[in-house]
Amino acid sequence: MNSNTSCPGLPPLKILLVVLCLFLATACQDTEPPPPQISGPVEPAYGDAIVSGTIGDASNLIPYIGSDVSSSEVTGLVFDGLVKLDKNLEIEPNLAESWEISEDGLTITFHLRQGVKWHDGEPFTAQDCLFTYQFVTDPDTPTPYAADLMQVETAQVLDPYTFRVKYKRPFSRALYAWLGDIVPRHLLEGVNVRESPLARRPIGTGPYKFETWKAGSSIQLKYNPDYFRGRPYLDRYVIKVIPDSATMFLELKAGSIDQMGLSPLQYARQTDSKEFKARFNKYCYLASSYLYLGYNLRNRLFQDKRVRQGLSHAINREEIIDGVLMGYGRPATGGFKPGTWACDPNIKPVTFDQDKARELLAQAGWKDTDQDGVLDKDGIPLAFTIVTNQGNSQRLKTAIIIQERFKEVGVKVKIRAVEWSALLKEFIDKQNFEATIMGWTLPLDPDPFAVWHSSKTEPGGLNFIGYHNEEVDRLILSARETFDQEKRKAAYYRFQEIIHEEQPYNFLYVPDALPVVASRIHGIDPAPAGIGYNLIKWFVPKQLQKYHYQP
Amino acid sequence: MFFYLFKRLLTMIPLLLGITLISFTVIHLAPGKPTDLALDLNPAVTKEVKEKMERLYGLDKPLHVQYWNWLKRLAVLDFGNSFATDGRPVLDKIGERLPITITINLLSMALIMAVAIPLGIASATRPHSLFDQATTVFVFVGFAIPTFWLALLLMILFGLELNWLPISGLTSYNYDQLGPFMQAWDRVQHLILPVLISAFGGLAGMSRYMRANMLEVIRQDYITTARAKGLKERVVIYKHALRNALMPVITLLGLSVPGLIGGSVIFESIFAIPGLGQLFYQGVMSRDYPLVMGGLVIGAVLTLLGNLLADLSYAIVDPRIRVK
Amino acid sequence: MPSGTLAQETWRRFKTNKLAMAGAVVVLFLFVISILAPLVSPHDPNQFHLKRVLESPSWDHLLGTDELGRDVLARMIYGAQISLKVGFVAVGIATLIGIVLGALAGYYSGWVDAVIMRLVDIMLCFPAFFLILAVIALLEPSIWNIMIVIGLTSWMGVARLVRAEFMGLKNREFVSAARVLGASDYRIIFRHLMPNAMAPVLVSATLGVAGAILTESALSFLGIGVQPPTPSWGNILTAGKDNIEVAWWLSVFPGLAILVTVLAYNLLGEGLREALDPRLRE
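Visitor: Would you mind going over the overall build of chain C in detail, with residue names and values included?
Guide: In terms of helices and strands, chain C carries 12 helices and 0 strands. Starting at the N terminus, the α and β elements of chain C follow one another as α-α-α-α-α-α-α-α-α-α-α-α. Along the three orthogonal principal directions, the C-alpha set of chain C runs to about 75 × 45 × 30 Å. Evaluated residue by residue, chain C yields a buried proportion of 56% over its 282 residues. Considering only contacts in chain C between residues 6 or more positions apart, those separated by 24 or more positions represent 68%.

Shown next, in the form of structure tokens:
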């Protein structure tokens, strides 16, 4: 038999290996030189562009219809709502200059800004607001966002610049529904929305006008010189579609994109070189979402709250945040964003305490009587499956870590990752699961009705864990029907206490958003709302401008 | 010849029907509805809203009705509208992506031929020599290396380290501001890596096939005769043997269409190229039934056409086929 | 034709082919590793250490650690097991379907042949990766689904091979003789014809294993291959892709493993083809 070394097949392989190692050893140099430093204060200047990287192409640029991230990124710049959120996430005027809410909380009257024009030159009026309401609530409009505006009983135009809506019941989040974009009546009325050219060429009132869309590769927006809040400094806003995350990061380093969201690993390990820091600014702030481990409360295993409490104590949240988020996140305490008014700061994350976990499980009757390492009760082992969606590595890693910790207290867990839509359809909607690791995006208004009210436990409802507590129901409804923030706050604080005590979810973490932006772009001011809220104030000083356009 | 063409077209009809049936069946194996993804897990979505959207897309009808309706529409080239929220006709969506994928595939076929045929001949004339074995290893490395890994390595080397080539996409950001010559150059630069990657994997098949053909032909009597007549080896190989060995290659080209189209999913994703493969993958992940069915049918029909073209050119070159 | 001498003859020719021998050695090595995985693996492949994430190769972790601090060598060893499993089961399914349909078509001819061959033509028209992608993504990317779907989309070559062999063999004297002696169709197909048709099937199956391993890694790249925490070379490589510049070991080792293995199967298959094909005798 011939030995491997005499085989003529090996030398090319060895060469390949050497070549590969050469590639990789030198792979950390960036090609573009860092921008020159400017001394003294920087002057805002018009011009240049920002190129933003995104994983998927936009689908439909009519607001309320395209629900993907890229479509929202575009519509958010092309359209405006009646109100908007400021840097501290407080409501402030936008297309509406001011508004009044009636004594009984049922009627809101908006006074609209005058002289605003659509990008095609038509004037913006109250008719557009009325049409937006009709458009969103029309059963023929395929939108998932109709629920809030459905609460409106009547909407009327008082004069071209006054718009009034009346609600059936007081509805505390009414104003938040008007954060939604106003769409142009003169272009959408009487048109089959599925065939409207606006889906490909949107026309709004916002700071950027739509310019070009190259399907599957990029969307380009141009500044609106007449924007009512002032012309944005950056001449163009470009969205570049790069489906693969590794490719996107290479493109960032090569300088062909200026902005993207980093993964915790990229943020912590791959962006710390002096050179990278000279060329890019990294930002880190709390995202508006949280991850949880939810138990199906219809299942016999999870009906005793001591079991849920015990399991919660068996989870080491700090370890998950360190291992999965590289430390970029914080433990979640309940369904509200930490630091916002609704979130009770007195509620502390459940501690990692294995003795307490064992004790609570034992109190509930779970003991390892047959010495097989798994707790049991009445001959049934404490074993279950956690389902989560496939393709999300953070959730999967979290599940793997929890699986190990549960094993240590004698709970046997299997992990099943299922494709997203199959997960919803076959497991969640049919309530055919034992436990699940999923996340919620936190809406701008804290109203927890859709997730926690007992009327939402039917198949397909969002309270799919089947949580039912009469006091919680009462608290949610009372908070929903008052505009008094102090009363709402009191109700939500009590609500959080109950949820914390009962642990229907084991709340896990709130991750940080980790965007990175090229350092030539100035004017970014991180705030509770993130960085995107003042995009029209972002600018590139004259001497640093990279892209130039004919006026 | 026309009779042959007619007969050939006729045999395509049952194939087309089979293609549609398999495409339809595959899609309807799956649980889940296309509307699930659009609805996300947004607390503001109600159940009524979900049902409303399902009715809107006609998902409540029985399966055979759905198939029959789909088939009727296919007959007039109506592939339906995408379930994605843009709701555009599937044919338009595929139509705008197809030229990109076809261009890259044609270029890589050309590259494969240009490299594989000489390699195959050279190997065949020196069977089991060191050169033959080295070539064998080289072409099989091309086949064996995971495409996306090699692509990433080349992107780092040429895009980031040496800064010779763009990393991804089809054109540069400032493409519209370039002159016509620079625009062409810009496109060429963007195509180099994807074409290289997609051709590398196909080298093995073609060069091995060429080698085998050549070996086969060289053994034939007429080659022996030619040699016996005292013709120079070069003349024997390039004049007599090559012509006969090249003919079956036409068929192989036709057969390699499905592999190239399938492979486009990977390199289009990693190179951010908006072609058919990327579109199909996105369609699959978002359960865009009409788009996935359209992609399967069109992918298969392209193969049919490739084979038809191959057969026709073969029939032109070799009249015996027509009689058969 | 007595099979003993055929095998000896084949082996004699096979072992002169150095490349094929190298391929055989690699394949054999992988078999041993897979079977002995629990014994040779230095660590538990699923044991994570969140304090030792992405460590470069050291004596403790010869091939470094991954994103959860798991030992890459251990995951590679267990990944070899999975890759072999995917390759063999998928090819087993394809070969079984191919043999049965090919034998039916070749033996009975007529409409049976026509129907089966149209089915083959139809399946060959599809870009196989599109079909696999659609089915895996729409069902669930479990390891079983992956093996079954790869099998269901790659039997056509075998069917054609077996059919061709049968067509050539069925009118030979030894078959007629068996028929005259009253042998059933079943017996003729499986006892008399099949053994003679196995050589090309063996070659095609060897090449098929290589294809299946590559297909799994491509699916992993798209996030729908063998699902973690189960290790496969494909999903280790995919995890490595996102850390390629800070953790080269996470992509180089699985990448080379796939490369060398697929190469080995191909060289082995090519070697077998030449050794088994009497026309290529020199």
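Let's pick the thread back up.
Visitor: I'd like a description of the overall build of chain A, backed by residues and values.
Guide: Looking only at helices and strands, chain A features 17 helices and 22 strands. For 551 residues, the compact-globule estimate of 2.2 N^0.38 gives 24 Å, and the C-alpha radius of gyration of chain A, at 27 Å, lies within 12% of that figure. C-alpha extents for chain A along the principal axes are approximately 80 × 80 × 50 Å. A buried classification covers 44% of the 551 residues belonging to chain A.

Visitor: Can you break down the pairing of strand β21 (residues 505-513) of chain A residue by residue, with the values?
Guide: Note on strand geometry: in a regular strand, side chains alternate between the two faces of the sheet. All names here are of chain A. Burial analysis of β21 places 7 of its 9 residues in the buried class, the great majority of the element. With 2 bridges joining them, strand β13 (residues 285-286) and β21 adopt antiparallel strand pairing. When the sheet's bridge partners are listed, L286 is paired in β21 with D512. Relative to β21, strand β14 (residues 289-295) is paired through 4 bridges, and the arrangement is antiparallel. Bridged to L291 within β21 is Y509. Of the pairings in the sheet, the one linking strand β15 (residues 329-331) to β21 comprises 3 bridges and is antiparallel in character. Bridge pairing in β21 links P331 to Y509.

Visitor: Which residues make up the nonpolar core, and what values do they have?
Guide: Grouped together as the largest cluster of nonpolar side chains are 321 residues, with contacts concentrated most on B:L152, B:L296, C:L133, C:A134 and C:I136. When residues of this core are assigned to their parent elements, the largest contribution, 19 residues, is made by helix α4 (residues 72-108) of chain C. Among residues more than four places away in sequence, those in contact with C:L133 are B:V265, B:Y281 and B:V284.

Visitor: Please give an account of the pairing of strand β9 (residues 218-223) of chain A that cites residues and values.
Guide: Residue and element names in this part refer to chain A. Sheet topology note: the strand β8 (residues 208-214)/β9 ladder contains 6 bridges and is antiparallel. The residue of β9 that forms the bridge with Y208 is Y223. Both β9 and strand β10 (residues 236-241) contribute to a ladder of 5 bridges, which runs antiparallel. Each bridged residue has a counterpart across the sheet, and for I219 the counterpart in β10 is I239.

Visitor: Give me the packing of helix α2 (residues 12-28) of chain B against helix α14 (residues 289-317) of chain B: which residues, what numbers.
Guide: All names here are of chain B. Following both chains from N to C, one finds α2 and α14 inclined at 150°, their axes separated by 9 Å at the closest point. Looking at the two axes, α2 sits roughly antiparallel to α14. By crossing handedness, the relation of α2 to α14 is classed as right-handed. Counted together, M12, L15, I19, T20, S23, F24, V26 and I27 of α2 and Y289, V292, M293, L296, V297, A300 and L304 of α14 form the full contact between these two elements.

Visitor: Can you lay out the confidence of the model for chain A for me, pointing to particular residues and giving the numbers?
Guide: Residues and elements named next belong to chain A. In the predicted model, chain A carries a mean pLDDT of 88, and 92% of its residues have values of at least 70. Of the regions scoring below 50 in pLDDT, residues 1-18 engages in 23 contacts with residues more than four places distant in sequence or in other chains. Between residues 20-31, whose pLDDT stays under 50, and residues either more than four places distant or in other chains, the model counts 21 contacts.

Visitor: Got a sec to walk through the environment of C:I258? Specific residues and values, please.
Guide: The topology assignment puts C:I258 in helix α12 (residues 249-276). Sequence-wise, C:I258 and C:S217 are 41 residues apart; in three dimensions their C-alpha atoms are separated by 8.4 Å. Those residues in contact with C:I258, other than ones at most four positions away along the chain, are B:P146, C:I213, C:S217, C:W233 and C:L237.

Visitor: Now, about the environment of C:V72: what can you tell me, with residues and values included?
Guide: Residue and element names in this part refer to chain C. Structurally, the position occupied by V72 is in helix α4. Residue classification places V72 among the buried positions, given that 28 C-beta atoms sit within 10 Å. With residues near it in sequence (within four places) discarded, V72 still touches H61, L63, G64, T65, D66, I236, W249, L250 and F253.

Visitor: Could you give an account of helix α11 (residues 317-325) of chain A, naming the residues involved and the relevant values?
Guide: Structural remark: α-helix, 3.6 residues per turn; residues separated by three or four positions point the same way. All names here are of chain A. Along α11, the positions that sit buried rather than exposed are R317, I320, I321, G323, V324 and L325. Buried residues in α11 make contact with α8 (264-270), β15, α13 (393-408) and β21. Backbone geometry just downstream of α11 places M326 in the positive-phi region, at approximately 50°.

Visitor: Outline helix α10 (residues 221-228) of chain B, listing residues and values.
Guide: Burial analysis of α10(B) places just 0 of its 8 residues in the buried class, a small minority of the element. Within two residues after α10(B), B:G230 carries a phi angle of roughly 90°, on the positive side.

Visitor: Account for the packing of α4(C) against helix α8 (residues 156-169) of chain C, with residues named and values stated.
Guide: Residue and element names in this part refer to chain C. Close contact between α4 and α8 brings their axes to 7 Å; oriented N to C, the two are set at 35°. As for how α4 packs across α8, the hand of that crossing is right-handed. The segment α4 lies against α8, with A94, T95, G98, I99, L101, G102, A103, A105, G106 and Y107 engaging G157, V158, A159, R160, L161, V162, R163, E165, F166 and M167. Classifying every residue of the contact of α4 with α8 by side-chain character gives 12 nonpolar, 5 polar and 3 charged.

Visitor: Outline the confidence of the model for chain C, listing residues and values.
Guide: All names here are of chain C. Overall, the predicted model of chain C reaches an average pLDDT of 87, with 96% of residues at or above 70. Averaged pLDDT values over the elements of chain C bottom out at 75 in helix α1 (residues 3-14) and peak at 93 in α4. Scored as a complex, the prediction yields pTM 0.86 and ipTM 0.86.

Analysis parameters
Residues numbered from 1 in each chain as written. Chains lettered and ligands numbered in written order. Predicted model: local features only at pLDDT ≥ 70, side-chain atom pairs only at ≥ 80, totals over all residues. Helix = DSSP H or I, 4+ residues; strand = E, 2+ residues; numbered from the N terminus. Buried ≥ 20, exposed ≤ 12 C-beta atoms within 10 Å, placed from the backbone. Contact = placed C-beta atoms within 7 Å. Rg over C-alpha atoms; globule rule 2.2 N^0.38 Å. Pairing = 2+ DSSP bridges. Core = buried A, V, L, I, M, F, W, Y, C linked by C-beta atoms within 7 Å. Axes fitted to C-alpha atoms, helices over the stretch in contact; angles between N-to-C directions. Parallel < 35°, antiparallel > 145°, perpendicular 65-115°, else oblique. Left-handed = near helix turned anticlockwise from the far one by under 90°. pLDDT = per-residue confidence, 0-100. Nonpolar A, V, L, I, M, F, W, Y, C, P; charged D, E, K, R; others polar.

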